[in-house]
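So you can see what is in the structure, the chains are spelled out below.
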Amino acid sequence: MFFRVNNSHIENGTGTCIWCKKNEKTNIAHIISKKLLKSDHKNNKLTNSVCEKCNSYFGENIEDWIFKYSPISFWVGRDILNDMTLDADRSFIYKKLFVWFKEYKEWFVATNIKGKKFPSQIIKKGDGRFYFYIYKKDKLMRENYLMEIQEIITQLQKKNYTTYLSSLLPHNFHSRIFRFNDTPIVIARNDDQAELFIKKILEVNDVKKILLKNYRMRNNEHRHLIIFYKWSLKKYSKFYLKIIFEYQSLIKGSEFVLGKEFDDLRKSAKLKNNSFVELMFLNGQGFNRKLFPRGYFQIIKETLDKEFKIPIFELELLQKYTFSMILYKNQGYLCASLKLFEIEQFNIVLAKIEAPLESIYLITYSADDNSLNFYEPVNSMVDFDEKLVLNMEEANLYDFN
Ligand SMILES: [Zn+2]
């Protein structure tokens, strides 16, 4: 064992906000969002170091987005809530969700809105015919459904609809239309398929030609679901940066982090950038570990030499933890690495600092026993087993902004 637990850090806030440097009213900042912990921890709070405005900036612009759209909600469901059913994760509402129904050999669109989990959908099957699939236990009210189909077609004629196209949809996915909040959405793998679907359905001269079918979900079929998440490197980087910087403030005191050498970091954390990519998660297959590029992000304006190398601490070795983070100084630069769930480790060069860091700081959280711990090397940094935690391989540098 190369570390000892040192959970004695006490916040040394001055009332000046560590993010905007103003003396505004502070409020309680949870360093790691409460959603990532099984319960509140006193070592996870700053009460006198972050102003209300900055705190809500991170909450509303970064954390809310991440919990609504990103794959983090998958791990939160699995590891924090210990519940993987569709009902448990309310964040699914905001995602595109497709469930494979073995019995019908068909994908169905799901929403996870209470009472509208599986909306009715008109699907153009392989035989070229249209089927109106209705999720229901009781008998079909034929007249009602024919009226609903007519409404959808009228909306299509008036061009009152939206489309969702994605080449990531499975190859056996049939184009379809369903209504979400009264607006029809045409779903297809590409533009051509969507156009063909609309053309063909508008050619149907009698809605009775559209066949009515019931469908029902059986146990465990949601194991085959496909969820579309949004992934934003920018938002994730800022999300991590907030955690790193606030823990740094807890460990080293707010005077330390108020230094001007952290001004670039403060600016980067507040830059608004909403770019994201969409990615598919097929239950059971994961994300194939393609979320973060390997290397270092840097936020300091000064351009580091391409040959510049900083050792990377291999947090991979701490896999039993839900969260792990390490803060260290190397060649005059303050660096941090952070790992959350099964997402690739995030490494960052935070600032060039004069003052010594005095130690290497490791923080871990385990959802298994709900323990949040701070560690330091037993005696000095020499005590680190370099083979265990260091990786001196070349690390690419990426511009943070
Ligand atoms: Zn502030």
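Bear in mind that the values here come from a model prediction, so they are computed numbers and not experimental data.

Conventions and cut-offs
Residues numbered from 1 in each chain as written. Predicted model: local features only at pLDDT ≥ 70, side-chain atom pairs only at ≥ 80, totals over all residues. Pairing = 2+ DSSP bridges. Helix = DSSP H or I, 4+ residues; strand = E, 2+ residues; numbered from the N terminus. Axes fitted to C-alpha atoms, helices over the stretch in contact; angles between N-to-C directions. Expected span 1.5 Å × (residues − 1).

*Asks:* Quick question: what am I supposed to make of the sheet that holds strand 4 (residues 96-101) here?
*Replies:* Strand pairing in a sheet is mediated by backbone hydrogen bonds. Such pairs are either parallel or antiparallel. Taking strand neighbours across the sheet as the criterion, the four strands line up as 5-4-12-13 in an open arrangement whose pairing is antiparallel. Of all the strands in the sheet, just strand 5 (106-110) and strand 13 (277-282) have a single pairing partner and so form its edges. On average, each strand axis in the sheet is tilted by 30° relative to the strand beside it, whichever way the strands run. Across three bridges, the pairing between strand 4 and strand 12 (residues 226-231) is antiparallel. Bridging from a neighbouring strand, Phe98 pairs with Ile226 of strand 12.

*Asks:* Could you clarify how one ought to interpret the sheet that holds strand 10 (residues 183-188) in this entry?
*Replies:* Spatially, six strands are ordered 8-10-9-6-7-11 in an open sheet, and the strand pairing comes out mixed. The outermost strands of the open sheet, each flanked by one partner alone, are strand 8 (162-165) and strand 11 (211-215). Here the average twist between neighbouring strands, direction ignored, is 30°. Bridge count between strand 7 (residues 130-135) and strand 11: five bridges; the pairing is parallel. Residue Phe132 lies in a different strand from strand 11, and its bridge partner there is Leu212.

*Asks:* How should I be thinking about helix 3 (residues 142-157) in this particular structure?
*Replies:* Along an α-helix, residues three or four positions apart point the same way, because every turn accommodates 3.6 residues. A rise of 1.5 Å per residue sets the reference length of helix 3, with its 16 residues, at 22 Å; its end C-alpha atoms lie 23 Å apart and thus fit the reference within 8%. Positioned one or two residues after helix 3, Lys159 has a phi angle of 60°, which is positive.

The values reported here are purely geometric and, on their own, carry no functional implication.
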